[in-house]
2 protein chains.
Amino acid sequence: MPYPESMVKLIEALAQLPGVGSRTAERFAFYVLNSRAETVEELAALLVKVNGSIHACQVCFNLSQEPVCHICSDPTRDHTLLCVVQDPKDVIALEKAGDYKGVYHVLLGALSPLEGIGPKDLKIKELLERLKQGEVREVVLGTTSDTEGDATATYLARQLKPLKLRVTRIAHGVPVGSALEFVDKATLARAMRYRQEI
Amino acid sequence: MPYPESMVKLIEALAQLPGVGSRTAERFAFYVLNSRAETVEELAALLVKVNGSIHACQVCFNLSQEPVCHICSDPTRDHTLLCVVQDPKDVIALEKAGDYKGVYHVLLGALSPLEGIGPKDLKIKELLERLKQGEVREVVLGTTSDTEGDATATYLARQLKPLKLRVTRIAHGVPVGSALEFVDKATLARAMRYRQEI
């Protein structure tokens with residue numbers, strides 16, 4: 001055992017991080033070894049804090065430190081426009097893009113009969129209850145454009161029909177800045193089918 | 001700010017790890033978010049423990065949790081054979097190779113007039129005191145084969161002369177398994193100069 005025991009344990013723990021092998025974990029452990037005590041103590045406290053204090057927002061199931069997240073509790077957002085996504089990471093991607101000013105609803109997954117994930121495993125009942133309160137006028141279905149995401153969007157569109165809302169699907173097509181030669185066939189076919197008047 | 005505040009701080013802290021950018025730090029933060037509380041608490045405790053409890057061995061200046069490291073305090077090692085290296089990472093590399101059964105002395109650097117590192121900045125005085133106790137019969141100079149490492153080895157060889165010990169230099173040459181075409185010129189020249197009888 002070339003390292004002291006606690007160092008071995010730390011390297012093993014760091015090697016559990018996604019994409020980190022034992023060599024990278026060793027480099028991280030040396031960083032920890034050579035850092036100031038305050039830096040390391042702050043990192044340790046943040047790890048525990050994030051793990052213990054961040055949970056799903058009661059309203060939209062996005063990540064939140066408070067019972068209701070900062071998006072749901074923001075009066076300057078457009079609460080009549082609601083985007084349905086699969087994962088908190090999708091909210092983050094849209095927020096980083098910065099253009100969307102509505103609110104969200106995170107399903108925490110997508111329908112997948114193969115994996116045994118049905119409507120009851122997603123936050124669909126909560127979505128319908130939220131929409132029945134009447135504030136939302138348009139629902140944008142922002143689920144991924146793969147088999148599960150498309151199936152989820154189709155299922156939701158059918159569920160939402162009786163509510164007489166505007167229901168839209170986020171646009172899929174050629175990524176901005178990408179030459180057509182680098183775009184996969186399914187995306188190109190979809191981009192052609194949903195071409196727009198200019 | 002797409003993330004809750006403590007998550008933003010955690011991502012910033014994780015992005016300080018060597019070779020980690022903000023995207024990787026985000027992935028690590030999600031791992032922390034989705035891990036069991038015990039896993040994260042253990043990681044946090046190990047970070048603080050390693051940073052606070054691992055220091056230089058009093059004898060050889062290798063990494064150690066105890067005042068004297070597990071190599072120096074191991075009676076099954078050959079205490080008459082001592083390898084001088086620059087860095088604790090060099091000890092780890094040699095220990096992983098597994099072949100060497102002697103003890104070490106870590107200089108914590110190499111002579112470098114350009115960076116203002118002279119003999120007093122390295123653990124050379126401590127090495128000489130250790131050798132004067134008379135147990136060591138052979139010193140292997142295992143400093144790196146670059147300008148600083150070679151200068152350090154030459155300097156030490158001169159300092160050790162009066163002690164009437166066997167002084168050797170670790171062999172440099174073509175790495176095992178490497179075709180000659182991929183070996184740099186300086187290594188090839190050295191490998192040729194120090195060729196061995198078979």
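A. Structural detail: the interface of chain A and chain B. Taken residue by residue, the interface counts 46 residues in chain A and 46 residues in chain B. Carbon and sulfur atoms make up 75% of the surface buried where chain A meets chain B, a total of about 4,400 Å² over both sides. Sorting the residues of chain A by area buried against chain B places Pro2(A), Leu47(A) and Asn51(A) first, and these three jointly supply 14% of that buried surface. Among the salt bridges present, the one from Lys96(A) reaches Glu26(B), with a minimum N-O distance of 2.5 Å. At the junction of chain A and chain B, the tally comes to ten residue pairs in polar contact (both at pLDDT 80 or more). Among the secondary structure elements, those contributing two or more residues to the side of chain A that touches chain B are helix H1 (5–14), helix H2 (22–34), helix H3 (37–53), strand E2 (63–64) and helix H4 (88–97) of chain A. With twelve residues, the single largest contributor to the side of chain A that touches chain B is H3(A). Across the side of chain A that touches chain B, the residue classes break down as 27 nonpolar, nine polar and ten charged.

B. Representation of the pairing of strand E6 (residues 166–169) of chain A. Residue and element names in this part refer to chain A. In terms of strand pairing, strand E5 (residues 138–141) meets E6 through four bridges, oriented parallel. Paired with Leu141 across the strands is Arg169, a residue of E6. Tracing the backbone out of E5, into helix H6 (residues 147–160) and back to the parallel element E6 gives a crossover that is right-handed.

C. Looking closely at unusual backbone geometry. The residue Phe61(A) is not glycine, and still its phi comes out positive at about 70°. Along the chain, Phe61(A) falls in the loop between strand E1 (55–56) and E2. Look at Phe61(A) and you get buried, because its relative accessible area is 12%. The phi dihedral of Lys164(B) is positive, around 55°, even though this residue is not glycine. Note on placement: Lys164(B) falls in the loop between helix H6 (147–160) and strand E6 (166–169).

D. Just the sheet that holds strand E3 (residues 78–85) of chain A, in detail. All names here are of chain A. One open sheet accounts for four strands, arranged E4-E3-E5-E6; its pairing is parallel. On the outer flanks of this sheet lie strand E4 (102–106) and E6, each paired with one strand and no other. Each strand of the sheet is rotated relative to its neighbour by a mean of 25°, with strand direction disregarded. Sheet topology places E3 next to E4; five bridges connect them, and they run parallel. Considered in E4, the bridge of Cys83 is made with Tyr104. Against the sheet, helix H5 (residues 124–132) touches E3, E4 and E5, its axis set at about 150° to E4.

What counts as what
- Residues numbered from 1 in each chain as written.
- Chains lettered and ligands numbered in written order.
- Predicted model: local features only at pLDDT ≥ 70, side-chain atom pairs only at ≥ 80, totals over all residues.
- Heavy atoms only, no water.
- Contact = heavy atoms within 4.5 Å.
- Buried area = accessible area lost by both parts, 1.4 Å probe.
- Salt bridge = Lys/Arg side-chain N within 4 Å of Asp/Glu carboxyl O.
- Polar contact = N/O pair within 3.5 Å; in protein donor to acceptor, adjacent residues only side chain to side chain.
- Helix = DSSP H or I, 4+ residues; strand = E, 2+ residues; numbered from the N terminus.
- Nonpolar A, V, L, I, M, F, W, Y, C, P; charged D, E, K, R; others polar.
- Pairing = 2+ DSSP bridges.
- Right-handed = clockwise from strand over helix to strand, strands pointing away.
- Buried < 20%, exposed > 50% of the residue type's maximum accessible area, 1.4 Å probe, protein only.
- Axes fitted to C-alpha atoms, helices over the stretch in contact; angles between N-to-C directions.

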